[in-house]
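Remarks on the overall topology
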Amino acid sequence: MRRGLIVGVLVLVAQQEAAAQCKVETDSNEGKLLAFYTAPIVFSMATAPQEMKPGSIRLGAEGEYIPKPDRAIEQTGACFTQKSEKTSLSPVFGRPRITIGGPFGFAFEAAYLPPVTIARAKPNLFSFAISHAHNFAVGPASSGTTLMFRLHSTLGNVKGAITCPRSQLQQSSPLSPCYGNNPSNDTFHPDMFGGDIAAGFAPGSGRISFYAGAGANRIDPHFEVGFTDLNGNVDATQVQLENPITRATVFGGVTAVLRQILDIGAQVYSVPSDATLFRLHGGIRFR
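The structure displayed is predicted, hence computed values, not measured ones.

Moving on: the overall build of the protein. Looking only at helices and strands, one finds two helices and 18 strands in the protein. Counting all 287 residues of the protein, 45% fall into the buried class. By element, 62% of the accessible surface of the protein is carried by carbon and sulfur atoms, the whole surface being about 14,800 Å².

We now examine the pattern of salt bridges. Scanning the entire structure with this criterion turns up nine salt bridges. Between Arg97 and Glu109 there is a salt bridge, and its shortest N-O distance comes to 2.8 Å. One end of the pair, Arg97, is in strand S5 (residues 92–101); the other, Glu109, is in strand S6 (residues 106–113), and twelve residues separate them in sequence. Residue Arg150 is joined to Glu109 by a salt bridge in which the shortest nitrogen-to-oxygen separation is 2.9 Å. Separated by 41 residues along the polypeptide, Arg150 in strand S8 (residues 145–160) and Glu109 in strand S6 bring together distant segments of the chain. This pair shows no difference in class: Arg150 is buried, exactly as Glu109 is. If you follow the salt bridges from partner to partner, you end up with Glu62, Arg95, Arg97, Glu109, Arg150 and Asp196 in one network.

Moving on: the confidence of the model for the protein. Low pLDDT means the predicted atomic positions in that stretch should not be read closely. Summing up the model confidence of the protein, the mean pLDDT is 87 and the portion of residues at 70 or higher is 89%. For the stretch residues 1–19, pLDDT sits under 50, and the model shows zero contacts to residues farther than four places along the chain or on other chains.

Turning next to the state of the cysteines. Put plainly, two cysteines are in a disulfide when a covalent bond ties their sulfur atoms together. Enumeration over the complete set of coordinates arrives at one disulfide. Disulfide pairing places Cys164 opposite Cys178 at an S-S distance of 2.2 Å. Across the S-S bond of Cys164 and Cys178 the torsion is about -90°, and the bridge reads as left-handed. One end of the pair, Cys164, is in the loop between S8 and strand S9 (186–189); the other, Cys178, is in the loop between S8 and S9, with 14 residues separating them in the sequence. For Cys164, a relative accessible area of 4% puts it in the buried group.

In this section: unusual backbone geometry. If you check the backbone angles, Phe104 has positive phi at about 60° while not being a glycine. By secondary structure assignment, the location of Phe104 is in the loop between S5 and S6. A positive phi angle, close to 65°, is found at Cys178, a residue other than glycine. For Cys178, a relative accessible area of 5% gives the class buried.

Side chains of Leu59, Ile98, Ile100, Leu258, Ile261, Leu262, Ile264, Ile284 and Phe286 sit close together on the surface and give an oily, nonpolar patch of about 740 Å² of accessible area. Going through the elements one at a time, S5, strand S17 (262–271) and strand S18 (275–286) are the ones with two or more residues in the nonpolar patch. Turning to its location among the elements, Leu262 is positioned in strand S17.

All right, on to helix H2 (residues 29–36) then. For an α-helix the count is 3.6 residues per turn, leaving residues at separations of three or four pointing the same way. Across the eight residues of H2, six count as buried, placing the element largely inside the fold. Turning to H2, its buried residues number three or more, namely Glu30, Gly31, Leu33, Leu34, Ala35 and Phe36.

Residue placement: Val250 occurs in strand S16 (residues 245–258). By relative accessible area, Val250 is classed as partly exposed at 40%. Measuring from C-alpha to C-alpha, the distance between Val250 and Ala212 comes to 7.8 Å, with 38 residues separating the pair along the chain. Aside from chain neighbours lying at most four places away, what touches Val250 is Gly213, Ala214, Val268, Tyr269 and Ser270.

Procedures and definitions
- Residues numbered from 1 in each chain as written.
- Predicted model: local features only at pLDDT ≥ 70, side-chain atom pairs only at ≥ 80, totals over all residues.
- Heavy atoms only, no water.
- Helix = DSSP H or I, 4+ residues; strand = E, 2+ residues; numbered from the N terminus.
- Buried < 20%, exposed > 50% of the residue type's maximum accessible area, 1.4 Å probe, protein only.
- Areas by Shrake-Rupley, 256 points an atom, 1.4 Å probe, with all protein chains shown as cover.
- Salt bridge = Lys/Arg side-chain N within 4 Å of Asp/Glu carboxyl O.
- pLDDT = per-residue confidence, 0-100.
- Contact = heavy atoms within 4.5 Å.
- Disulfide = S-S within 2.5 Å.
- Patch = residues over 30% accessible without salt bridge, like charges linked within 9 Å, V, L, I, M, F, W, Y side chains within 5 Å.

Here it is in structure tokens:
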């Protein structure tokens, strides 16, 4: 009898865990939202392609405006009772970053965004990349063209009240969404890795460089609800794509170098299937 009771409990737990998993199609609203909010977090290149000297260092930062998704895809219903989600936790995204030059044209980049609340979002993200650049004596400028191959990845999470922000809380109907006093503490994991190839050239004095490139990102984002209602019921549903997907990317930008120490730049980064972003970069160079 005791053995039967244990088996019954295990089966019940397994059923509850399975019920907490919700896998969605790429073309569902939930799937589109997961992909949309992965795009602003992609760890794209910060400057025009360049060959860095071994041991040289660039300390920089980047920032961008996060566009709002189409209102239509914020109407979720595949995993929950259909309602409109308040998915925009912050209108901007930014992070510090460091680049270290290595031998033979290689460079290593890293960035960490600590868990400090910005607007309604609390990120905890780590990004890194390895690249190789080489200058060829061909192209529209006398200095030639610099070609760069780059691999990058981003891991971590962003927390915030997405499924049940304070504005949607209600205490009148236990059967309706957001029945509670406290906002949800949801978690978004924008896990991804990708690769790029870019070409850049610097006409004239070489202080201003232009570049363009393309690539692909393999994304596996998932989302975890964190809401406790007035009856103490905990919703920890996990929403994820049925399978990781690959997104094509295109980008281009300009970088200006001042006195060989400071640089500023702008970049248009587009994931045509999901979102187009405008990014600003700045940095200080050593050695």
